[in-house]
Amino acid sequence: MGFDKKSALVGAALATAVLIIAFGIYLVGFSGEPLKEAPAPSTPNGQGAKGSSVKTLPRAPGDSLAALSVELSAQEFQKFKVEPAREHDFTVQREAVGNIDFNREMSVDVFAPFPGKIITLFAKAGDDVQKGAMLFTIDSPDLVQAESTLISAAGTLNFTTRALERAKQLYEVQGVAQRDLDQAITEQQAAEGALRAARDAVRIFGKADAEMDRIVAERKVDSVLTVHSPIAGRVTARNAAPGVFVQPGNAPAPYSVSDVSTMWMLANVAETDFPLLRLGQEVAVDVKAYPGRLFHGKIVNIGASVDPNTRRLLVRSEVRDAKHELRPGMFATFLIHTGRGMRSTAVPFAGVVREGAGTMTVWVTTDGKRLVRRTVKVGLQQDGLHQILEGLKPGELVATDGALFLNNALTAASR
């Protein structure tokens, strides 16, 4: 019995000691002392920035964001790309989208001048041809008729010429009357005129004088008519095939040839930009197929009316393309300068961070150790650069790589 009472007293004493120790631990936790050090922000490679610290600096006048800074070691600082803000010429310009097309003023549909059946084709679509190059040949009944008339006219002239010579000889010995001589002269002159007309008719078919002389000498007609390219350029379409009967003016044309040294850029420009445009104005064309390159040209036509649905008008520019790199249908952007260039502070796109409220910030350093967030006012965006209107001067060191990471990491740490 005495043993049970003693055991009960010992148990009560132990319970009381446990309660006292628990209460002491509770008081220590409630006092707000940190149990462990807060982790430092990560660096761009995912490793913790040992020795770096996040500090909230005093709010700048009129700045809606708390300026934050981070101190980095020399090794950590090398992981961020820092370069001085530079000056750049920003130009006021307008943009409009459009597409590339052939220069229709330097394009021609090549038809056969007379009806006939196609015999041979000499050029394919995409071939570059010179002026006068053979495109195709046809078997032309009209050419046969013209050459037959030429042979007949040449024979008539030969006959009347011999008759005139005989009449002159007889007239000298008074073998014929004056009237007979005059008649012979008239017939010979008429034959000469008919021959000239016949040669001109055959010349329309593209026959040279040497070819006509051969036809007359051999008394043999040549029904093959050759169709030549009227300009130098590229064959942009071929709708011909051997055996097909073609007629002049019947679409589609057997061949289409275009001078591709210049192309058209057809852009739909907003009517609000119309007062800024004028004929002959220099333009730059940014073609999506060639990123980073600009093709240059000038405005050659401004639409006479505005589309009532889109409120835009068509502007046509002639673009120089000496290397024949542009193709019809290519998507392009029309760039036209409408004001003088402005030299301003510039920062690459990656160095400017847009905050949630629309505020633009950059990260600036003066000693190569601490990066400080600063609010700036941006303007134009050109050539991969932001125009900085306020908040930054040329020559100040700016983080141009990793700026977005710093902003996100330090904003989260400040929260």
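Not measured: the values here are computed from a predicted model. (Residues numbered from 1 in each chain as written. Predicted model: local features only at pLDDT ≥ 70, side-chain atom pairs only at ≥ 80, totals over all residues. Heavy atoms only, no water.)

Participant: What am I meant to see in unusual backbone geometry here?
Facilitator: Backbone phi values are negative for most residues with the exception of glycine, while trans is the configuration of most peptide bonds. For the bond from A251 to P252, the omega torsion is 0°, close enough to zero to count as cis. One can find P252 in the loop between strand 12 (245–246) and strand 13 (255–258). The phi angle at R311 is positive, at roughly 60°, despite the residue not being glycine. Note that R311 resides in the loop between strand 16 (295–302) and strand 17 (312–320). Judged by relative accessible area, R311 falls into the partly exposed class, the value being 40%. The phi dihedral of H324 falls on the positive side, at around 55°, and the residue is not glycine. Topologically, H324 is positioned in the loop between strand 17 and strand 18 (331–337). (Helix = DSSP H or I, 4+ residues; strand = E, 2+ residues; numbered from the N terminus. Buried < 20%, exposed > 50% of the residue type's maximum accessible area, 1.4 Å probe, protein only.)

Participant: What am I meant to see in the environment of V235 here?
Facilitator: Its place among the elements puts V235 in strand 11 (residues 233–238). Of the residues examined, V235 reaches a relative accessible area of 1% and is grouped as buried. Residues V235 and D128, 107 residues apart in the sequence, show an inter-C-alpha distance of 6.3 Å. Sequence-distant contacts of V235, defined by excluding residues within four places in its chain, comprise A123, K124, A125, G126, D127, V129, Y255, S256 and V257. (Contact = heavy atoms within 4.5 Å.)

Participant: Just to check I follow, could you spell out the sheet that holds strand 12 for this structure?
Facilitator: Backbone hydrogen bonds hold the strands of a sheet together, and the pairing may be parallel or antiparallel. Strands sit in the order 10-9-7-12 across an open sheet of four strands; the sheet is antiparallel. In the strand order of this sheet, the two ends are held by strand 10 (224–228) and strand 12, each with one partner. Both strand 9 (residues 134–139) and strand 10 contribute to a ladder of five bridges, which runs antiparallel. Looking at strand 10, one finds that F136 is bridged to V227. (Pairing = 2+ DSSP bridges.)

Participant: What is the right way to read the sheet that holds strand 13 from this model?
Facilitator: Pairing within the open sheet is antiparallel, and its four strands lie in the order 6-13-11-8. Unpaired on one side and paired on the other, strand 6 (107–110) and strand 8 (128–129) mark the two borders of the sheet. Here two bridges tie strand 8 to strand 11, and the two strands are oriented antiparallel to one another. Within strand 11, the position partnered with V129 by the bridge is G233.

Participant: Just checking my understanding: could you explain the packing of helix 3 (residues 141–172) against helix 5 (residues 209–218) for this structure?
Facilitator: The relative placement of two packed helices comes down to the angle between their axes together with the axis-to-axis distance. Packing of helix 3 against helix 5 leaves a shortest axis separation of 9 Å and a crossing angle of 65°. Viewed along their axes, helix 3 and helix 5 adopt a mutual orientation that is roughly perpendicular. Between helix 3 and helix 5 lies a crossing whose hand is right-handed. Contacts from E147, L150, I151 and A154 in helix 3 reach M212, I215 and V216 in helix 5. Here the contact of helix 3 with helix 5 is composed, by residue class, of six nonpolar, no polar and one charged. (Axes fitted to C-alpha atoms, helices over the stretch in contact; angles between N-to-C directions. Parallel < 35°, antiparallel > 145°, perpendicular 65-115°, else oblique. Left-handed = near helix turned anticlockwise from the far one by under 90°. Nonpolar A, V, L, I, M, F, W, Y, C, P; charged D, E, K, R; others polar.)

Participant: Help me understand the nonpolar core, please; the structure alone is not making it clear to me.
Facilitator: If you look at the biggest cluster of nonpolar residues, it comprises 29 residues, and the most contacted ones within it are I118, L135, F136, I138, L150 and Y255. Those elements that place two or more of their residues in this core are strand 7 (116–121), strand 9, helix 3, helix 4 (178–203), helix 5, strand 10 and strand 13. Sort the elements by how many residues they give to this core and helix 3 lands first, with six residues. Discounting chain neighbours no more than four positions away, the residues touching I138 are A112, F114, P115, G116, K117, I118, I119, S223, V224, L225 and V246. Grouped together as the second largest cluster of nonpolar side chains are 23 residues, M330, A332, F334 and I336 included. (Core = buried A, V, L, I, M, F, W, Y, C linked by side-chain atoms within 4.5 Å.)

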